[in-house]
Amino acid sequence: MDLLFRPGRWSLSDREVETEVRPAGVVRLTSGRVVAADPGWLDNRLEPFTATVAPGEYPVDLAVVRFAGDPGHERVAAARLAISPEPVVSWEPALEPGQDPLLLGDGQFYGFGVDAGLGCFVDADALAAMEGILENTFEDTFVGLTGGSAAQVADPASGATLVGFSSGWGDGSYPTWIGRTTGGAIACFVADFLVLHDAERAPAVAVQ
């Protein structure tokens, strides 16, 4: 996960791509219960992750892939909700209630479904309000959102905010990971859109 957010070059299906990190906005969590979802299909019955954080404002960064020779072609490889600036020393799957990673087979994961080519981070307490807001504003906010761009939506009543972004290659199911610090605190949540899942990181070139 860490490598996704370190600018560099990769070999992806015999094509050279380059990653960069871009700020996407700030998620204001009113309860600290994080939901990763498709903003086109918000529902107040969506389950938050069992791991919670303190209410507050947290920045979202995007790991954006740019394809060599095709400057207009960009994809979001991953989105990171940063909780703490401390280094990540371990990773674990972000789980919803009732999910048990021991029940998964090789290559399997628990993921959130995407059917509108989008993902987002939002507080569980804001789901109903955001669903109502986006019912009237979804097209203006998200239609045409591609590549490494993002959009932020605010609920004026609670102050909660949602940050949405395009989801890698588009629709599918995508895992979210939790990065923890040396002391076991949550450093970040990362939604991985699997763009670089089979890619190889190019070696760094020394500057003489």
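Please refer to the structure higher up on the page.
An account of the accompanying structure is given in this report. Not measured: the values here are computed from a predicted model.

Cut-offs used in this document
- Residues numbered from 1 in each chain as written.
- Predicted model: local features only at pLDDT ≥ 70, side-chain atom pairs only at ≥ 80, totals over all residues.
- Heavy atoms only, no water.
- Helix = DSSP H or I, 4+ residues; strand = E, 2+ residues; numbered from the N terminus.
- Polar contact = N/O pair within 3.5 Å; in protein donor to acceptor, adjacent residues only side chain to side chain.
- Contact = heavy atoms within 4.5 Å.
- Salt bridge = Lys/Arg side-chain N within 4 Å of Asp/Glu carboxyl O.
- Core = buried A, V, L, I, M, F, W, Y, C linked by side-chain atoms within 4.5 Å.
- Buried < 20%, exposed > 50% of the residue type's maximum accessible area, 1.4 Å probe, protein only.
- Pairing = 2+ DSSP bridges.
- Axes fitted to C-alpha atoms, helices over the stretch in contact; angles between N-to-C directions.
- Phe/Tyr/Trp six-rings, centres within 6.5 Å; stacked < 30°, edge-to-face > 60°.
- Lys NZ or Arg CZ within 6 Å of the ring centre and 35° of its normal.

## Structural notes on the side chain of R22
Here is step 1: As for its placement among the helices and strands, R22 is situated in strand β2 (residues 15–29).
Here is step 2: For R22, the side chain forms a polar contact with the side chain of E74, separated by 2.6 Å.
Here is step 3: Residues within four places of R22 in sequence aside, it is in contact with V60, D61, L62, V64, R66, E74 and G148.

## What about the pattern of salt bridges?
Here is step 1: Across all of its chains, the model carries 11 salt bridges by this definition.
Here is step 2: In this structure, E18 engages R66 in a salt bridge whose closest nitrogen and oxygen atoms are separated by 3.8 Å. Highlighted residues: E18 in strand β2 and R66 in strand β4 (residues 56–67), separated in sequence by 48 residues.
Here is step 3: When the shortest N-O distance is used, the salt bridge between D43 and R45 registers 2.8 Å.
Here is step 4: Through salt bridges that share partners, R9, E16, E18, E20, R22, R66 and E74 make up one connected network.

## Things to note about the nonpolar core
Here is step 1: The biggest cluster of nonpolar side chains holds 45 residues, and the ones touching the most others in it are V60, L81, F121, F189, F193 and L196.
Here is step 2: Broken down by element, the residue count for this core peaks at seven residues, all from β4.
Here is step 3: The contact partners of L196, leaving out residues within four places of it in the chain, are L4, W10, L12, V17, T19, V65 and A77.
Here is step 4: Formed by 17 residues, the second largest nonpolar core is a distinct cluster that contains A37, L42, L127 and F142.

## Topic: the sheet that holds strand β10 (residues 161–166)
Two modes of strand pairing occur in sheets, parallel and antiparallel, and in both the strands are linked by backbone hydrogen bonds.
Here is step 1: If you walk across this open sheet you meet the four strands as β3-β8-β10-β9, and the pairing is antiparallel. Of all the strands in the sheet, just β3 (34–37) and β9 (150–154) have a single pairing partner and so form its edges. Sheet twist, expressed as the mean angle between neighbouring strand axes with direction ignored, is 15°.
Here is step 2: The sheet contact formed by β9 and β10 spans five bridges and is antiparallel. By the bridge assignment for β10, A150 is matched with F165.

## Things to note about the environment of Y174
Here is step 1: With respect to the helices, strands and loops of the structure, Y174 is situated in strand β11 (residues 172–180).
Here is step 2: According to the relative accessible area criterion, Y174 is buried, its value standing at 5%.
Here is step 3: As a C-alpha pair, Y174 and A191 span 17 residues in sequence and 7.0 Å in three-dimensional space.
Here is step 4: Excluding residues within four positions of it along the chain, Y174 makes contact with F109, Y110, G111, F112, V114, S167, W169, D192, F193 and L194.
Here is step 5: Side-chain polar atoms of Y174 contact the backbone oxygen of G170, separated by 2.7 Å.
Here is step 6: At 3.3 Å, the side chain of Y174 forms a polar contact with the backbone oxygen of D171.

## Quick notes on the environment of A157
Here is step 1: Note that A157 resides in the loop between β9 and β10.
Here is step 2: Here A157 falls in the exposed class, since its relative accessible area comes to 75%.

## A short note on the pairing of strand β1 (residues 8–12)
Here is step 1: On β1, burial follows the alternation: G8, W10 and L12 on one face are buried, whereas R9 and S11 on the facing-out side are not.
Here is step 2: The pairing of β1 with β2 spans five bridges and is classified as antiparallel. Directly across from S11, in β2, lies its bridge partner E16.
Here is step 3: Between β1 and β2, which follow one another and run antiparallel, lie two residues, and S13 among them has a positive phi close to 50°.
Here is step 4: In terms of strand pairing, β1 meets strand β13 (residues 200–201) through two bridges, oriented antiparallel. Of the residues in β13, the one forming a bridge with S11 is E200.

## Overview of the packing of aromatic side chains
Here is step 1: One pass over the full model with this rule turns up eight aromatic pairs.
Here is step 2: Of the aromatic side chains, those joined through ring pairs into one cluster are F112, F121, F165, Y174 and F193.
Here is step 3: In this structure, R80 packs its charged tip against the face of F5, placed 4.2 Å from the ring centre.

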